[in-house]
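# Fold and contact review
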Amino acid sequence: KLAATHDGQSVTVKLRDSTAEDRVRAEIAIRLEAGAAYFAIRPRLENPTGAPLDVKYWTNAMLAPGGQNAPSADLRFVLPEAVTEVTVHSRGDESLPAYGERMSWPVANGVDLSRLGNWNRWLGFFEDPAAGEFVAVYDEGYDEGMVRVYPAEAAPGTKAFAFGWQDPIPPNNWTDDGSGYVEVHGGPAPTFDASVSIPAGGHLQWTETWYPVAGLGGLRYANDTAALNLGAGGGQAQVAVAVPRAWSGDLVLLLGGQERWRQTVSLSPGQPQHYAVPLGDGAPETGRLTLRLETPDGAIAAEYSAKLDLK
């Protein structure tokens, strides 16, 4: 069952699988806001029965950024910096850990698995546990990607999957035109093996935000305010930022915790901004750069920090 409503500022489409009173029911609401470049998804799982019920629920986005209907070798899976291990769900490469085993991330067996072109055969993995509130794919070959921002306390499940690269599952298993994609899953349990319990007469719901990004050159961090890229070299920092809704405030760059640059900006969806910031003659060979978005009252709206080679 499908229903749509609008209030002049947004349109919401609700999809419901059932109105039965003897089973779990799902209602999925998708909201589009005027003037914004994102959509919000609100899954609601209901238990109308008189006893608790264990539930497994996952969404799955099939993604091929770049308009070519297939990812490039330079597509990257972007997880929060705090994620240093993942749990394997399946893999075709027997040199990697098996089902249910832990694997270092992003480098395993000396291979950077965040880049699709480094994969041999198929691989699926869970973040497990969620260490942040976003996951993204960004195809650096096409300079385009997709971000999912979610509340980790309610929906800690994050899974990624791709068919491989050097020796992939052949596309004729699912298509007749050679097209391809990667997958990003989300749900209220950390893995497919785990369940969540909904009490009698209760429900579970959360809201997550999805938005496309392009023109950043890469992606290192995202939240519901902004997507950020940060790099360095030749004595300067390379800053890029894109927003899913209009935002005004200051971009701030710190080196070793000390402010080096500040720029007041008014950002709009679909208009990524780039800045080359000289770090000065006294900058070290390597150092920790921090990029912040600060609101006019000084609150931090988004922040990414990394130790980088500066020269």
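In case you missed it, the structure is sitting above this.
We now turn to the structure provided with this report. In this text the structure is predicted, and so the values were computed from the model without any measurement.

### Concerning the sheet that holds strand β27 (residues 300–309)
Hydrogen bonding along the main chain pairs the strands of a sheet, whether they run parallel or antiparallel. A sheet is described by the order of its strands in space; here 4 strands give the open sequence β24-β23-β26-β27, paired in antiparallel fashion. In this open sheet, the two edge strands, each paired with only one partner strand, are β24 (258–267) and β27. On average, adjacent strands in this sheet sit at an angle of 15° to one another, irrespective of strand direction. Of the pairings in the sheet, the one linking strand β23 (residues 247–255) to strand β26 (residues 286–294) comprises 6 bridges and is antiparallel in character. Across the sheet, residue V252 finds its bridge partner in β26, namely R292.

### Some remarks on the pairing of β27
In this structure, β26 lies alongside β27, joined through 9 bridges in antiparallel fashion. Across the sheet, residue L293 finds its bridge partner in β27, namely A302. What sits between the antiparallel neighbours β26 and β27 is a turn of 5 residues, in which G298 has the positive phi angle 90°.

### Focus on the environment of A29
Tracing the sequence through the fold places A29 in strand β3 (residues 25–33). A29 gets classed as buried once you look at its relative accessible area, which sits at 7%. Separated by 23 residues in sequence, A29 and P52 have C-alpha atoms that sit 24 Å apart. Excluding its chain neighbours within four sequence positions, the residues that come into contact with A29 are T12, V13, K14, A40, I41 and R42.

### Topic: the sheet that holds strand β25 (residues 273–278)
Reading across from one edge, β20-β21-β22-β25 is the order of the 4 strands in this open sheet, with antiparallel pairing throughout. Each having just a single partner strand, β20 (221–222) and β25 make up the two edges of the open sheet. Pairing geometry for β20 and strand β21 (residues 227–233), over 2 bridges, is antiparallel. By the bridge assignment for β21, Y221 is matched with L228.

About the cut-offs
- Just so you know, the residues in each chain are numbered from 1, in the order the chain's sequence is written.
- Reporting in this predicted model follows two pLDDT cut-offs: at least 70 for local features of residues, and 80 or more for side-chain atom pairs to be given and counted; totals over whole chains, interfaces and linings ignore these cut-offs and use all residues.
- Hydrogen atoms and water are omitted, and side-chain values are computed over all heavy atoms in the structure.
- Two strands make a pair as long as DSSP finds a minimum of two bridges between them.
- Where helices and strands are cited, they refer to DSSP runs of H or I of at least four residues and of E of at least two residues respectively, numbered from the N terminus.
- Orientation is described by axes fitted as lines to C-alpha atoms, over the contacting stretch for helices, and by angles from 0 to 180 degrees between their N-to-C directions.
- Each residue is assigned to one of three classes by its accessible area relative to the maximum for its type, calculated with a 1.4 Å probe on protein chains only: buried under 20%, partly exposed between the two thresholds, exposed over 50%.
- Contact criterion: two residues are considered in contact whenever any of their non-hydrogen atoms come within 4.5 Å of each other.

Function cannot be read off these values alone, since they describe shape.
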